[in-house]
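Topology and contacts: notes
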Amino acid sequence: MNNVLALQQTFVESRKYFPSLGDTYEGHEILFMDNSAGAQVSQFVIDRVRDYYIHRNAQKGTIFKRTSEMQARIVEARQMAADFIGAADHTEIAFGLNATSFFHHFAHHLGRDLKTGDHIIITEADHHANVDPWLELAERGIQVDVWNVNANGDLDYHQYETLLLNKPKIVAVGWASNATGTIHHMERITKMAHAAGALVVADGVQAASHMALDVKKAGVDFAAFSTYKIFGPHMGFCYVNRENLARLDGWRIQKELTDSAYFFEVGSQNHEGIEGFMGSMTYLAQLSADAAGHGLVIETTPLRDCRQARKEFSGAMYWAHLYERQLSVHFLERLQEIDGVVLYGKTGEHLDERLPVFSFNITGFETDELGMALDAAGVEARTGNYLAINLMKRLADEFGGSALRISLVHYNTVEEIDRFFEILKKIIA
Ligand SMILES: Cc1ncc(COP(=O)(O)O)c(C=O)c1O
């Protein structure tokens, strides 16, 4: 079987693991196309949460055995997260409420050692989760410089070079845009930042739902992720690159982070969610096994030299990214059939630089009206700015900074895309 067919078989079949896919609501079969906001969970996650509540529901810090078993699971879960993103090991990972709260932690702790007049860089492309925490530092006299995008929504590297001349201490940047699906060149960004002496805080939230990530290769120093966008429960985890802590010389946070990133796990954690996250990694391992069963060979990919667990978790995302390309090609072709479409972000000529996340308007139609009409027909999609407020203001100003977003992941299908366009055509007719 060739790879195109093997990918189709693997991912179309992945739907069987998700009890919520194919569900109906008010007589319509649901077309779930709001995955950038949060993905569905597989039966592996549901079983795991249930199992936790029955067998290991205990608090940390006591002497009975079930507690130590529960604590051991948390370390195991951190190791799974480390395998998923390519961290050294579990000590570089901490679980927490969500990605936004980690950006607040990062800004708070890194910010304690910044002085009035120090520069940091944020971007015009980012979700406000990785914008607002840094803007709070401006209240203390820290210079917050904004790295802008051009008219296509691409980060402007000439301006970045100029901003780096200020010797910023921190660059806060997204790995991929939740609005346009544009993938940012993280390795290039970190190399330039490090050469100027800055640390990079990456928002890995969107990229993690679609592609195999390698935090070491990308060279990021701090990053945050949402587990509920990687097919797990509503939580997040963060990554801290211990190799680069020396860069924090003289900074208080360096001392606090010397042993592990657990420093960021303040108070009680969501144990049931952490176990659910383990279920989401088991799901990815299952996908990898399914892919292998269909003839996809991980040894032919850049993950060939990785440790086994990483091959399984990240390997599934490697295949997913390839399959999602097929979805993007189909979606963008069908989109051309609609008159008056204004698409934001990369066209089909730049497939390598995009995820299957499509924000667009249709001239003559009010965005929210389209969203509501789609909802009435069973299509769950999102309208607005998705908290990429500055980016959407720049790109979709004539539509009030708002657009319709169709966000797909690996369990979506070509057939669902066709159903979506049938419905959309009926609405605009
Ligand atoms: C790119 C991006 N960053 C951050 C967030 C916020 O994540 P969380 O809900 O885990 O705080 C989102 C949520 O949509 C996002 O898309």
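Residues numbered from 1 in each chain as written. Predicted model: local features only at pLDDT ≥ 70, side-chain atom pairs only at ≥ 80, totals over all residues. Heavy atoms only, no water.

Focus on the packing of aromatic side chains
Basically, it comes down to this: For Phe, Tyr and Trp, where Trp contributes only its six-membered ring, two rings pair if their centres lie within 6.5 Å, and the inter-plane angle classes them as stacked under 30 degrees, edge-to-face over 60, or tilted in between. For helices the rule is a DSSP run of H or I covering at least 4 residues; for strands it is a run of E covering at least 2, with both sets numbered from the N terminus onward. Partly exposed describes any residue whose relative accessible area lies between the buried limit of under 20% and the exposed limit of over 50%, with all areas from a 1.4 Å probe on protein chains only and scaled to the type maximum.
All chains considered together, the criterion is met by 27 aromatic pairs. When the centroid spacing of 3.8 Å and the interplanar angle of 5° are considered together, the rings of Trp-147 and Tyr-160 count as stacked. Here the residue Trp-147 occupies a position in strand E6 (residues 143–147), and Tyr-160 occupies one in helix H6 (residues 157–164), the gap between them amounting to 13 residues. Summarising the burial analysis for this pair, Trp-147 and Tyr-160 share the class buried.

Here we look at the pattern of salt bridges
Under the convention used in this document: Salt bridge, as applied in this entry: a Lys or Arg side-chain nitrogen positioned within 4 Å of an Asp or Glu carboxyl oxygen.
Applying the stated rule across the entire model yields 28 salt bridges. Two residues, Asp-34 and Arg-405, come together in a salt bridge whose shortest N-O distance is 3.5 Å. Taken together, the residues span a long stretch of sequence, with Asp-34 in the loop between strand E3 (31–32) and helix H2 (43–55) and Arg-405 in strand E15 (residues 403–407) at a distance of 371 residues. Relative accessible area serves as the criterion here: at 11%, Asp-34 is assigned to the buried category. One salt bridge in this structure joins Glu-299 and Lys-311, with 3.3 Å as the shortest N-O distance. Highlighted residues: Glu-299 in the loop between helix H11 (271–293) and helix H12 (308–335) and Lys-311 in helix H12, separated in sequence by 12 residues. Exposure remark for Lys-311: the relative accessible area of 12% places this residue in the buried category.

Thoughts on the domain arrangement of the chain
Selection criterion: The split into domains, and so the bounds of each, comes from an automatic or database assignment of domains. Throughout, a residue-residue contact means that at least one pair of heavy atoms, one from each residue, lies within 4.5 Å. The term buried area refers to how much accessible surface (probe radius 1.4 Å) is lost by two components on association, counted for both of them together. Polar contacts here mean pairs of N or O atoms no more than 3.5 Å apart (in protein, one a potential hydrogen donor and the other a potential acceptor; neighbouring residues in sequence count only if both atoms are side-chain atoms). Note on residue categories: nonpolar means Ala, Val, Leu, Ile, Met, Phe, Trp, Tyr, Cys or Pro, charged means Asp, Glu, Lys or Arg, and polar means any other residue, Gly included.
Under the domain assignment used here, the chain contains domain 1 (3–41 + 315–428) and domain 2 (47–274). A straight line from the C-alpha centre of domain 1 to that of domain 2 covers 27 Å. At the interface, 35 residues of domain 1 touch 32 residues of domain 2. Approximately 2700 Å² of surface area, both sides summed, lies buried where domain 1 meets domain 2, with 59% of it carried by carbon and sulfur atoms. If you sort the residues of domain 1 by the area they bury against domain 2, Met-317, Leu-355 and Leu-391 come out on top, with a joint share of 24%. Counting across the domain 1 and domain 2 interface gives two salt bridges. Taking the shortest distance from any N to any O, the salt bridge between Lys-346 and Asp-154 comes out at 3.0 Å. Joining domain 1 to domain 2, the criterion identifies 15 residue pairs in polar contact (both at pLDDT 80 or more). Breaking the side of domain 1 that touches domain 2 down by element, the ones donating at least two residues are H12, strand E12 (357–362) and helix H14 (389–395). Per-element accounting of the side of domain 1 that touches domain 2 gives the leading share, six residues, to H14. Residues of the side of domain 1 that touches domain 2, tallied by class, amount to 20 nonpolar, eight polar and seven charged.

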